[in-house]
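# Examining the three-dimensional arrangement
Single-letter residue listing:
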Amino acid sequence: MSNSSSFNEFLLQAFADTRQLRLLHFWLFLSIYLAALLGNGLIITAVACDHRLHTPMYFFLLNLSLLDLGTISTIVPKSMANSLSNTRAISYWECAAQVFHFYFLIATEYCVLTVMAYDRYVAICKPLHYGTIMSSRACVKMAVAAWVSGFLDGLLHTANTFSIPLCQGNVVEQFFCEIPQILKLSCSDSYLREIGLLEVSACLAFGCFIFIVLSYVQIFTAVLRIPSEQGQHKAFSMCLPHLAVVSLFISTGFFASLKPSSLSSPVLDLVVAVLYAVVPPTVNPLIYSMRNKELKDALK
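Residues numbered from 1 in each chain as written. Predicted model: local features only at pLDDT ≥ 70, side-chain atom pairs only at ≥ 80, totals over all residues. Heavy atoms only, no water.

### As for the overall build of the chain
To keep things clear, this is the line we draw: In this description a helix means any DSSP run of H or I spanning at least four residues, a strand means any run of E spanning at least two, and both kinds are numbered starting from the N terminus. Just to be clear, the radius of gyration here is over C-alpha atoms, and the globule rule we use is 2.2 Å times residues to the power 0.38. The buried label applies to any residue whose accessible area, calculated with a 1.4 Å probe on protein chains only, is under 20% of its type's maximum; exposed applies above 50%, and partly exposed to all values in between. Two residues form a contact once any of their heavy atoms are found within 4.5 Å. Using a 1.4 Å probe, accessible areas were evaluated by the Shrake-Rupley method; residue-level cover was limited to the displayed protein chains. This count recognises Lys and Arg as positive and Asp and Glu as negative, with His and chain-terminal groups excluded. For charged residues, the charge sits on one atom: NZ in Lys, CZ in Arg, CG in Asp, CD in Glu.
Secondary structure summary: the chain contains 11 helices and two strands in total. If you list the helices and strands of the chain from N to C, you get β-α-α-β-α-α-α-α-α-α-α-α-α. For 300 residues, the compact-globule estimate of 2.2 N^0.38 gives 19 Å, and the chain sits close to it at 21 Å. Considered along the principal axes of its C-alpha atoms, the chain spans approximately 65 × 40 × 35 Å. Per-residue burial over the chain gives 46% buried out of 300 residues. Sequence-distant contacts in the chain: of pairs separated by 6 or more residues, those separated by 24 or more amount to 77%. Within the structure as shown, the chain displays about 15000 Å² of accessible surface, and the carbon and sulfur contribution to it stands at 68%. In the chain, which carries 18 positive and 17 negative side-chain charges, the distance between the mean positions of the two groups comes to 9 Å.

Quick look at the structure:
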């Protein structure tokens, strides 16, 4: 196959060969998808409808829930439909749309998580200036910057990846269209430009990671100086859910990106992809609502 336009579909990795296992995969993914829809939907509804939650922290949490819903909706329904209809096919343009939406939403989510770390830092380390620094206008600007950055990142990677000639067949060794797996189908050396772009994105992501770490070093230093145990507990309960979500998001993403090729196998790649693409959007609402009294009260 001389280039990417010489075929009109890709073949995705199947989770199972037998009908029983395909049905099991369908019901398992359906349960996870419904849990993600319910959890994120409840948070979006609670934050939108309860005026007590109209604060910067919950505004960014609403953005996070929208992104989680988008991410899981980009990849899970297609995988479920393929299992049910016993096919592995995804059209060329569906694959391009999946790549764009996935990288757009993941990049935006990382930006929003970084902004949320800054919000926690200002709330705990500069409480007297919190209202001025995190004004509603500033929050909207930060959210818009995060969404625009993610959009441009997704657009750049998608345009670059799908302009590369593919001559190694059309079988994508993953259950959704993912750039590293598509690059494996490229002709020799033609993928180096996209590898360079991915490295630039990785450097920017690492910069965000350092910013989050430094924010939390200062947050914990400030919290440990709070004289009352109750004050410390309140500050920790504000920060720990965000820290748990960031840890889950970064650890699964880093493991997927940095695991040695000697560890690579179709089954392990599938499991890792589920860990970083499907688990966080489902678990995030649970993490945020578990220890959050305001959110629990709003949901009730």
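### Overview of the packing of helix α1 (residues 19-49) against helix α2 (residues 56-85)
How two helices pack is summed up by the angle between their axes together with the distance between the axes. Short version of the rule: With axes taken as lines fitted to C-alpha atoms, and helix axes fitted only over the stretch in contact, angles between N-to-C directions fall between 0 and 180 degrees. Roughly parallel means an angle under 35 degrees; roughly antiparallel, over 145; roughly perpendicular, 65 to 115; everything else is oblique. A crossing counts as left-handed when the near helix is turned anticlockwise from the far one by less than a right angle, and as right-handed when that turn is clockwise. Residue classes follow a fixed rule: Ala, Val, Leu, Ile, Met, Phe, Trp, Tyr, Cys and Pro count as nonpolar, while Asp, Glu, Lys and Arg count as charged, and any other residue, Gly among them, counts as polar.
The N-to-C vectors of α1 and α2 enclose an angle of 160°; their axes lie 9 Å apart at closest approach. Put simply, α1 runs roughly antiparallel to α2. For the pair α1 and α2, the crossing hand works out as left-handed. A per-class count over the contact of α1 with α2 returns 22 nonpolar, six polar and two charged.

### A word on the nonpolar core
Spelled out, the test is: Buried Ala, Val, Leu, Ile, Met, Phe, Trp, Tyr and Cys residues that are joined via side-chain atoms within 4.5 Å together make up what is termed a nonpolar core.
If you look at the biggest cluster of nonpolar residues, it comprises 49 residues, and the most contacted ones within it are Phe60, Leu61, Leu64 and Met116. Those elements that provide at least two residues to this core are α1, α2, α3 (92-125), α5 (136-161), α7 (192-224), α8 (229-258), α10 (279-290) and α11 (293-299). It is α3 that provides the largest number of residues to this core, a total of 13 residues. Setting aside residues no more than four positions away along its own chain, methionine 116 makes contact with Met57, Phe60, Leu61, Leu64, His242 and Tyr288. In this structure, Ala96, Tyr103, Phe176 and Val272 belong to the second largest nonpolar core, which totals 35 residues.

### Overview of the packing of aromatic side chains
Under the convention used in this document: Here a Phe, Tyr or Trp ring, Trp counted by its six-membered ring, pairs with any other such ring whose centre lies within 6.5 Å, and the pair is stacked when the planes are under 30 degrees apart, edge-to-face when over 60, and tilted otherwise.
With the rule as written, the count across this model stands at 23 aromatic pairs. Ring geometry for tyrosine 118 and tyrosine 121: centres 6.3 Å apart, planes at 35°, overall tilted. In this pair, tyrosine 118 and tyrosine 121 are both assigned in helix α3, three residues apart and thus about one turn of the helix distant. The class of tyrosine 118 is partly exposed, set by a relative accessible area of 25%.

### Concerning the confidence of the model for the chain
Put simply, the rule is: On a scale of 0 to 100, pLDDT captures the predictor's confidence in every residue.
For the chain, the average pLDDT comes to 86, and 93% of its residues sit at 70 or higher. Every residue in residues 1-6 is under pLDDT 50, and counting partners more than four places away or in other chains gives 16 contacts.

### As for the UniProt feature "transmembrane region" (unreviewed entry) in the chain
For the record, the criterion: UniProt positions are given in the numbering used here, feature names are shortened, and annotations may be inferred rather than shown by experiment.
Per the UniProt annotation, the sites labelled "transmembrane region" (unreviewed entry) are residues 26-49, 56-76, 96-118, 195-223, 235-258 and 270-290. Helix makes up 100% of residues 56-76 and strand 0%, and the two end C-alpha atoms of the span are 30 Å apart. In residues 96-118, helix accounts for 100% and strand for 0%; the two terminal C-alpha atoms are 33 Å from one another.

### Here's the deal with the environment of lysine 234
In this fold, lysine 234 is placed in helix α8. By relative accessible area, lysine 234 is classed as exposed at 59%. Taking the C-alpha atoms as reference points, lysine 234 and valine 223, 11 residues apart in sequence, are found 9.5 Å from one another.

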